[in-house]
Amino acid sequence: MELLAGWKERINAASVAASESLPLPQTPAFYAGAVTFVENTEAAARMVEFARQRPISHIGIDTEFTYARPPVLLSRGTRAYDPSSIAPLMLSVSMAEPHDGGYHAYTFVVDLRVDGLVPALQELMRLPVPFVGHFLKVELFCLWQLGIAEPNITWDTWAGERSLGLGATHPGYRLPENADGIDATRAKEESAEDDEFSLRLTALCRRYGVPYEMADEKDRLQRSFLDMDRNGKFSEAQIQYAAEDAKAAAVIYPRQVLRAVCAGANHRLESIEMPWVRTNARIEWNGLRLDADRVRAVSEARERHLKVLEARLEREYGIKNFRSHTQLYRFFDESGLLDLFRKKGTYSFDRKNLKLFRERHSAISLLYAARRIYDLDKTGMLDLRLVGADGRVHPQHRQLGAHTGRQTTTAPNLLGLPKALRPLCICDPGNGIGEVDLSQIEVGVAAAVYGDAVLIAMFNSGDVYSEMAKVFYRDLIPPADLGLPVKAFKKKYSHLRDRMKVFTLGIMYGMTPYGIAALNGISVLEARQQWARFLGMFPALKRALRESAVLYGYRGYSVTVSGLRRYRASSGALSKWEGNWLVNHPVQGSAADVFKLAGNRLDRLYQQFGARIVLPFHDAFVFEAPLCHLHAVAELTAVEMKHAVQIYFPCLDPQVEINVKNPECWNKDGDAGSVDRWLLDPLA
DNA sequence: GAAGAGAGCGCC
DNA sequence: AAAGGGCGCTCTCTTC
């Protein structure tokens, strides 16, 4: 039988070692309760050998590191560190061995600057026990920087804690209605405090009753690693501090698992959120390549056009700053056009309004043009300082950044990049970029979560909005057209289909007939009739939506299909906003569940193709793969995404859309020319 | 001068 | 009384 590459050598090496000497038992008392500093390969080998001969249940880990590059200073004092320039300094390891209802802790601190440690550390990481850390992303970065593969089983106490407390700290609660002054002030203070402190390791220690010796010095010691001479000797305090975090993580772990069990969340943490820590970290580590020349061209064109428009606005209309609401108000007041912009008791000069009335006054069309160009990028994607040491941009991918379980991105906000700018994202030579999208998945999930057989059937037919249109607008569609193929119908009746889309999304987001009326410019009465007729198609959904908000309001939380809860911060009468998210969260969050499930599988399966996830886009994966494997990777992605949906929703038969057209860059539906067209004519 | 609110808009 | 879920970013203007 053929052995896989590398195995022959490994077996040979192992048998040589075995013939030399067999390991001797080591005395646990020597390590128990102590912190052992590991500063050479022999000590590292002894540490691993010790770990392999003890009945370890789990291992706490922590790393100390610095960055080879200074951070990029962004607005509001935030700093963006380049993960590809991370320089690992120390790894602390705290092995937990169950004993007498508690645990023995064997703690080691490894100097990662020592050469030749990788084989021993790799062997340690291969141990089949959970490796526990607090905000494991940076630990994974350190391992990957050293060329060490991550452990198979990981647990992140940060992600665990965030998962168990979603919702209550949402900014929506910072301004509670019907609250007295004292309530409001307290709520605000608490939520600010929550956001900043409640997820820190020291806060978890307090919550779980875990002693943490060095709380007072934590900030100073943490900084000491960032500032230190990279070849300097570690102080005793630094070593003890590094050990402390690994020890704390190891002690918190079983207590947090117990808390998760009590919140019905352990299944989800084990099977979705914890593996996603790894997947998410790898996505951030991978980053993506920007076409720097084109980025510069776009920036320059934007500035050039803005300058011209701003000069004209000032010269011809006296508008010095078109971004100023105050100045626009004054201008339109003086020109007697203010009423055009009246909206809800105030005046809105948003782009929609400017477009609507651009024929009324030449200033309006100028303003509209200026706004369109100005708005092109506020995501930070044109900031080339964010290109890392590896030539790629590494946006921060915030796990559970949203209180529904969704991701957010920042520095830059990749998820908010205007579609037309997607072709700025390119790939390495020899690779291609592809995207696979789960079509209309939130509608399918809503149908399944709220148990509406009619909606499920429509979703499974292939194009849910077309199926809706056939029923809702049956008087407007000739019977012969009802049998058209999905694509043909979609094209011919796109206007009716779009209406259905608005209705469906409106339902999921809690829109009322008043909102629909305002959006479509119809009367409230008309909107109400259409609304009733639309929901009449889905009686089960209609009933479930009405019931759910009330029931979940009593209970105090909504929950996704895998068990992720979003909590209310208060009891009592539901606000409109709470009623909306209580209904929406099971949909949005369950879609996020299955999406992460798919991503975790892909993260593993991509390795054999040399492929990587570039961007998780809520219901789509953007990936980069060697061109020769691009189609295979796309197929694999499609299969895994469908499969993940069916693990929790076997009644659904989801469709996917594969885009591997023009794989030299990321694009919308194969349109690789959108940036170049913008450069030619920004207003086209 | 910093911080927060509000407007506005990009994405799903 | 208001009337659309989840985000991040940037700008203006007000307030402390």
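Provided above is the structure to which this section pertains.
Keep in mind the model is a prediction, meaning the values are calculated, not measured. (Residues numbered from 1 in each chain as written. Chains lettered and ligands numbered in written order. Predicted model: local features only at pLDDT ≥ 70, side-chain atom pairs only at ≥ 80, totals over all residues. Heavy atoms only, no water.)

Chemist: Whenever I open this one, the overall build of chain A confuses me. Can you help?
Modeler: Assigned secondary structure in chain A consists of 26 helices and 20 strands. In terms of overall dimensions, chain A has C-alpha extents of about 90 × 65 × 60 Å along its principal axes. Each of the 684 residues in chain A was classed as buried or not, and the buried ones make up 52%. Long-range contacts, defined as pairs at least 24 residues apart, comprise 70% of the intrachain contacts of chain A with a sequence gap of at least 6. For chain A, the computed accessible surface area is about 32500 Å², with 54% contributed by carbon and sulfur atoms. Chain A carries 84 positive and 81 negative side-chain charges, and their two centres are separated by 7 Å. (Helix = DSSP H or I, 4+ residues; strand = E, 2+ residues; numbered from the N terminus. Buried < 20%, exposed > 50% of the residue type's maximum accessible area, 1.4 Å probe, protein only. Contact = heavy atoms within 4.5 Å. Areas by Shrake-Rupley, 256 points an atom, 1.4 Å probe, with all protein chains shown as cover. Lys, Arg positive; Asp, Glu negative; His and termini not counted. Charge placed at Lys NZ, Arg CZ, Asp CG, Glu CD.)

Chemist: Even after reading the chapter, I still don't get helix H13 (residues 325-334), so can you show me in this structure?
Modeler: Every α-helical turn comprises 3.6 residues, leaving residues that sit three or four positions apart pointing alike. Among the residues of H13, those classed as buried are Gln327, Leu328, Phe331 and Phe332. Taken around the axis of H13, the buried residues stretch over an arc of 125°, which confines them to a single face. Along H13, the residues that are exposed and aim more than 90 degrees away from the buried face are Thr326 and Glu334. In this fold, the buried residues of H13 make contact with helix H12 (292-317) and helix H15 (362-374). (Arc of directions from axis to C-beta.)

Chemist: Would you explain the protein's contact with DNA strand B in this entry?
Modeler: Taken together, 20 residues form the shell around DNA strand B, and within it Asp350, Arg351, Arg406, Arg422 and Asp619 come nearest. Of everything in DNA strand B that lies within 4 Å of the protein, sugar and phosphate atoms constitute 85%. Arg406 has a polar side-chain atom sitting 2.7 Å from a base oxygen of DNA strand B. In this structure, Arg422 approaches DNA strand B through a side-chain N or O atom, which is 2.9 Å from a phosphate oxygen. In the surface near DNA strand B, the residues fall into 5 nonpolar, 5 polar and 10 charged. (Near = heavy atom within 4 Å. Polar contact = N/O pair within 3.5 Å; in protein donor to acceptor, adjacent residues only side chain to side chain. Nonpolar A, V, L, I, M, F, W, Y, C, P; charged D, E, K, R; others polar.)

Chemist: Honestly, the protein's contact with DNA strand C in this entry has me stumped. Any pointers?
Modeler: Neighbouring DNA strand C are 32 residues, the closest being Asn321, Ser324, Tyr374, Thr410 and Thr512. Atoms of DNA strand C within 4 Å of the protein belong to the sugar or the phosphate in 70% of instances, the rest to bases. Contact between DNA strand C and His170: a phosphate oxygen at 3.1 Å from a side-chain N or O atom of the residue. The contact in question runs from a phosphate oxygen of DNA strand C to an N or O atom on the side chain of Thr326, over 3.0 Å. Put simply, the parts of the chain that give the surface near DNA strand C at least two residues each are strand S13 (408-410), helix H21 (513-520) and helix H24 (576-605). No other element matches the 5 residues that H24 contributes to the surface near DNA strand C.

Chemist: Please explain the sheet that holds strand S19 (residues 620-626) as it appears in this structure.
Modeler: Consider a sheet: its strands pair through backbone hydrogen bonds, and that pairing is either parallel or antiparallel. The strand order across the open sheet formed by 4 strands is S18-S19-S15-S20, and the pairing between neighbours is antiparallel. Two strands lie at the open edges of the sheet, namely strand S18 (612-616) and strand S20 (656-659), each paired on one side alone. Shown here is a sheet whose adjacent strand axes are inclined to one another by a mean of 20°, direction ignored. With 4 bridges joining them, strand S15 (residues 431-438) and S20 adopt antiparallel strand pairing. From the neighbouring strand, Leu438 faces S20, where its bridge partner is Val656. Contacting S18 and S19, H24 crosses the sheet at an angle of about 10° to S19. (Pairing = 2+ DSSP bridges. Axes fitted to C-alpha atoms, helices over the stretch in contact; angles between N-to-C directions.)

Chemist: How do you make sense of the nonpolar core when you look at a structure like this?
Modeler: Within soluble globular proteins, side chains that are nonpolar tend to cluster in buried spots. In this structure, Met468, Met500 and Phe534 are the most contacted members of the largest nonpolar core, which totals 75 residues. The element contributing the most residues to this core is H24, with 11 residues. Here this core spans two domains, and each of domain 3 (401-441 + 592-679) and domain 4 (461-537) adds at least three residues to it. (Core = buried A, V, L, I, M, F, W, Y, C linked by side-chain atoms within 4.5 Å. Domains from an automatic or database assignment.)

Chemist: Explain the sheet that holds strand S1 (residues 35-38) here, please?
Modeler: Read across the open sheet, the 6 strands follow the order S1-S6-S5-S2-S7-S8; overall the sheet is mixed. Each edge of the sheet is formed by a strand with only one pairing partner; in this case those strands are S1 and strand S8 (154-156). Across the sheet, the mean angle from the axis of one strand to that of its neighbour is 25°, orientation sign disregarded. Here strand S7 (residues 131-133) runs beside S8; their pairing, made up of 3 bridges, is parallel. Residue pairing across strands places Val132 opposite Trp155, the latter belonging to S8. Contacting S1, strand S5 (86-99) and strand S6 (102-111), helix H3 (residues 41-53) runs over the sheet at an angle of about 160° to S6. Those strands touched by helix H9 (residues 218-227) are strand S2 (58-67) and S5, and its axis lies near 55° from that of S2.

Chemist: Can you help me understand the packing of helix H11 (residues 266-286) against H24 in this one?
Modeler: Angle between the axes and distance between the axes are the two parameters that describe a pair of packed helices. Two numbers describe how H11 lies on H24: the axes approach to 9 Å, and their chain directions differ by 55°. When the axis of H11 is compared with that of H24, the two are oblique. Crossing of H11 against H24: the hand is left-handed. Together, Arg268, Ser271, Ile272, Glu273, Pro275, Trp276, Arg278, Thr279 and Arg282 of H11 and Asp593, Phe595, Lys596, Leu597, Gly599, Asn600, Asp603 and Arg604 of H24 make up the contact between the two elements. The residue makeup of the contact of H11 with H24, split by class, is 5 nonpolar, 4 polar and 8 charged. (Parallel < 35°, antiparallel > 145°, perpendicular 65-115°, else oblique. Left-handed = near helix turned anticlockwise from the far one by under 90°.)

Chemist: Explain the pattern of salt bridges here, please?
Modeler: When the charged atoms of two side chains with opposite charge come close together, those side chains can pair. Inspection of every chain in the model, using the stated rule, returns 39 salt bridges. A salt bridge links Arg268 to Asp593; its shortest N-O distance comes to 3.0 Å. With Arg268 in helix H11 and Asp593 in helix H24, this residue pair connects regions lying 325 residues apart in the sequence. With respect to class, Arg268 is no different from Asp593; both count as buried. (Salt bridge = Lys/Arg side-chain N within 4 Å of Asp/Glu carboxyl O.)

Chemist: In this structure, what is going on with the environment of Pro211? I would like to understand it.
Modeler: With respect to the helices and strands, Pro211 occurs in the loop between helix H8 (201-208) and H9. Note: C-alpha distance between Pro211 and Val251 (40 residues apart in sequence) is 9.4 Å.

Chemist: In this structure, what is going on with the packing of aromatic side chains? I would like to understand it.
Modeler: Working definition: an aromatic ring pair is given by the centre-to-centre distance plus the angle between the planes. Scanning the model with the defined rule gives 36 aromatic pairs in all. Ring centres of Trp144 and Trp285 lie 6.2 Å apart, and the angle between their planes is 50°; on these two criteria the pair is classed as tilted. Taken together, the positions of Trp144 in helix H5 (residues 137-145) and Trp285 in helix H11 put the pair 141 residues apart, joining distant regions of the chain. Here Trp144 matches Trp285 in class, with each residue buried. Look at Phe331 and Phe332: their rings are 5.1 Å apart centre to centre, the planes differ by 75°, and that puts the pair in the edge-to-face class. Exposure remark for Phe331: the relative accessible area of 11% places this residue in the buried category. One aromatic cluster is present, formed by Tyr317, Phe331, Phe332, Phe341, Phe349 and Phe357 through successive ring pairs. (Phe/Tyr/Trp six-rings, centres within 6.5 Å; stacked < 30°, edge-to-face > 60°.)

Chemist: In this structure, what is going on with the packing of helix H18 (residues 464-472) against helix H20 (residues 494-509)? I would like to understand it.
Modeler: Their axes nearest at 8 Å, the elements H18 and H20 cross at an angle of 105°. By the criterion of interaxial angle, the relationship of H18 to H20 is roughly perpendicular. Contacts between H18 and H20 involve Tyr465, Ser466, Met468, Ala469 and Phe472 from the first element and Leu496, Arg497, Met500, Lys501, Thr504 and Leu505 from the second. Across the contact of H18 with H20, the residue classes break down as 7 nonpolar, 2 polar and 2 charged.

Chemist: Help me understand a nonpolar patch on the surface, please; the structure alone is not making it clear to me.
Modeler: On the surface, a nonpolar cluster with roughly 330 Å² of combined accessible area is contributed by Val550, Leu551 and Tyr554. Counting through the fold element by element, Tyr554 comes out in helix H23 (residues 539-555). (Patch = residues over 30% accessible without salt bridge, like charges linked within 9 Å, V, L, I, M, F, W, Y side chains within 5 Å.)

Chemist: Please explain helix H4 (residues 118-125) as it appears in this structure.
Modeler: Buried within H4 we find Ala120, Leu121, Gln122, Leu124 and Met125. Residues of H4 that are buried in the fold lie against H3, S5, S7 and H5.

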